[in-house]
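Read off the chains here:
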Amino acid sequence: PSKMYSKAKLDVWTMFNRAAAQANAVNLGQGFMSFPPDKLVIDSAIEAVSDETAAQYAPPQGRPQLLEQLAEHYGPLVGRKLDSKTQVMVSSGANEGIFCALLAFLELGGTDEAIVIEPAFDQYKPNIIMAGGTPVFVPLRVQSDKDPTREIISSNEWKLDMAELESKITSRTKILILNTPQNPTGKVFDLQELEQVAAIAKKHNLLVISDEVYENLYYDDNKHISIASLPGMFERTVICGSVGKLLGVTGWRVGWLVGPQHLITPCVAAHTRTTFVTCTPIQDATALAFKKAYANDYFNIQRSEYLARRQKLMAAFDSVQLPYSVPHGSYFLLVNAARVRIPDDFVIPDYVSERGHSFELCYFFTVKIGISCIPPTEFYSNENLHLAENYVRFAFCKTDDVFEETARRLQAIK
Ligand code: GLN
């Protein structure tokens, strides 16, 4: 095996899904929905798979009907009319889309650098390395008058220090990966922050991979803005999106990239050599479901449902006075568990404890309290993971019964 894989540690998704199943925990770990997709989504899939013309390979770039739908969907977000033939491609999940963009623009040999803003979804770093690049990390830092170990703060108080970001840029920096709304903090980058990032990207001629998979999940006054909509940014940005999040079907594995032709064409070439093409009937199902979603005001309804879910999960933690960062986007709640004491007689296996306190806390929540969660230290490089040792991530793409059981089980830590 390659060094990378022979040394690979167990990924957190497998670790905590296994622990959750064994402990019969309510699963607020991995971000998958505990509710079925809307009927319009299932109906679209049945219709698509029943069409015999959808049984064979799609073009590598994607099925034309989905490309057209995506061009229409993203036009308003980027503030221009998009050409479905040249400015959009379909990938086998957003993960693969991001990987294709990295493959397309990083040279082999480790000389190209890609900036990653931490905490960062755990796929970015290995994907950069697999594509031959070198990841360089810049952490968000909590800037608040409040004490986050005792008081509720806002996810938007996780700030990117622009001088620190710029200090990490070298002549080898080629890419910056941005994620907004952000996993796991729930931060939604505001216009001013995006303008500052855009100015740095333009000054240093960077390509921005903008992971916007939680684009429809923003709350309060924090509307999602794509960095590609800012002046001079469309030409240097690849937006990444996902059907899993937009339609509540994480198992469909359909995602996409949106950007100018000179950036999308190499991504299509990388996709062709990675998975070749993406599942044809699921592409058609996605296109059909998008049409029905618009006709039924699905996206606005979805947002209000998630807002209600966020309130229920926050209320559960309020009831035991555990503070958190109020997520203004995405479906994750970052809880500060600094005051949770793990009893001395609670046995934590070595494969967990060797990965730090956040893993120990998550193991304790999963096995002892019966609520599974994810350690956000997995979203950090070694140099920055001390920033998240006391945090634990809970997903709220879940149903009321899960929130009720969570609230009940949490009383054990009062
Ligand atoms: N995006 C999902 C999350 O953060 C998980 C995706 C995965 O399991 N790789 O929960």
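Quick caveat: nothing in here was measured; it's all calculated off a predicted structure. Along each chain, numbering runs from 1 in the same order as the chain's sequence is written. Confidence filtering applies because this is a predicted model: local features only for residues at pLDDT of at least 70, side-chain atom pairs given and counted only at 80 or more, and all residues used for totals across whole chains, interfaces and linings.

1. Some details on the site of the ligand
And then number 1: For each residue, a C-beta position is placed from the backbone atoms; the residue is near a molecule or strand when that point lies within 6 Å of it. Trp13, Gln30, Gly31, Asn183 and Ala395 make up every residue found near the ligand.
And then number 2: Residue composition of the shell around the ligand, grouped by class: 2 nonpolar, 3 polar and no charged. Residues are grouped as follows: nonpolar covers Ala, Val, Leu, Ile, Met, Phe, Trp, Tyr, Cys and Pro; charged covers Asp, Glu, Lys and Arg; every other residue, Gly included, is treated as polar.

2. As for helix α12 (residues 298–318)
And then number 1: Secondary structure is summarised from DSSP: a helix means a run of H or I of at least four residues, a strand means a run of E of at least two, and numbering begins at the N terminus for each. How far a helix is expected to stretch is found by multiplying one less than its residue total by 1.5 Å. If you check α12, its first and last C-alpha atoms are 30 Å apart, about what 21 residues at 1.5 Å a residue would give, namely 30 Å.
And then number 2: Exposure criterion: with C-beta atoms placed from backbone coordinates, a residue whose C-beta has 20 or more other C-beta atoms within 10 Å is buried, one with 12 or fewer is exposed, and one in between is partly exposed. Listing the buried residues of α12 in full gives Tyr298, Tyr306, Arg309, Arg310, Leu313, Ala316 and Phe317. Each buried residue of α12 sits inside an arc of 120° when the element is viewed along its axis, so together they form one side. In α12, those exposed residues whose orientation departs by more than 90 degrees from the buried face are Asn300, Ile301, Ser304, Ala308 and Ala315.
And then number 3: Each element contacted by the buried residues of α12 is listed here: α3 (39–50), α11 (280–295), β11 (324–326), β12 (332–336), β14 (391–395) and α15 (400–410). As used here, the arc belongs to the directions running from the helix axis to the C-beta atoms. It is the C-beta atoms, placed from the backbone, that decide contacts: two residues are in contact if theirs lie within 7 Å.

3. As for the UniProt feature "domain: Aminotransferase class I/classII large" (unreviewed entry) in the protein
And then number 1: Cross-referencing UniProt, the feature "domain: Aminotransferase class I/classII large" (unreviewed entry) maps to residues 25–357 in the present numbering.
And then number 2: The annotated region residues 25–357 carries 37% helix and 17% strand content, and the separation between its end C-alpha atoms amounts to 20 Å. UniProt positions are given in the numbering used here, feature names are shortened, and annotations may be inferred rather than shown by experiment.

4. Comments concerning the packing of α3 against α11
And then number 1: An axis is simply a line fitted to the C-alpha atoms; with a helix, the fit covers only the stretch in contact. Between two such axes, the angle follows the N-to-C directions and lies from 0 to 180 degrees. At their nearest, the axes of α3 and α11 sit 8 Å apart, and the two run at 140° to each other. In this view, α3 runs oblique relative to α11, as classed from their interaxial angle. For the crossing formed where α3 meets α11, the hand is right-handed. Residue-level inspection shows Leu40, Val41, Ser44, Ala45, Glu47, Ala48 and Val49 of α3 in contact with α11, the latter providing Pro281, Asp284, Ala285, Leu288, Ala289, Lys292 and Ala293.
And then number 2: Grouping the constituent residues of the contact of α3 with α11 by class yields 10 nonpolar, 1 polar and 3 charged. Here is the rule for angles: anything less than 35 degrees is roughly parallel, anything more than 145 is roughly antiparallel, 65 through 115 is roughly perpendicular, and the remaining ranges are oblique. Handedness of a crossing follows from how the near helix is turned relative to the far one, being left-handed for an anticlockwise turn of less than a right angle and right-handed for a clockwise one.

5. What about the pairing of strand β3 (residues 113–118)?
And then number 1: With 6 of 6 residues buried, β3 is to be regarded as a mostly interior element.
And then number 2: Alternating residues of β3 divide into Glu113, Ile115 and Ile117 and Ala114, Val116 and Glu118, and every residue in both groups is buried.
And then number 3: Note that β3 and strand β4 (residues 134–142) share 6 bridges and pair parallel. When the sheet's bridge partners are listed, isoleucine 115 is paired in β4 with valine 136.
And then number 4: Where β3 meets strand β7 (residues 173–179), 4 bridges bridge the pair, whose relative direction is parallel. Residue pairing in the sheet places alanine 114 in a bridge with isoleucine 175 of β7. At least two bridges found by DSSP between two strands are what make those strands a pair.

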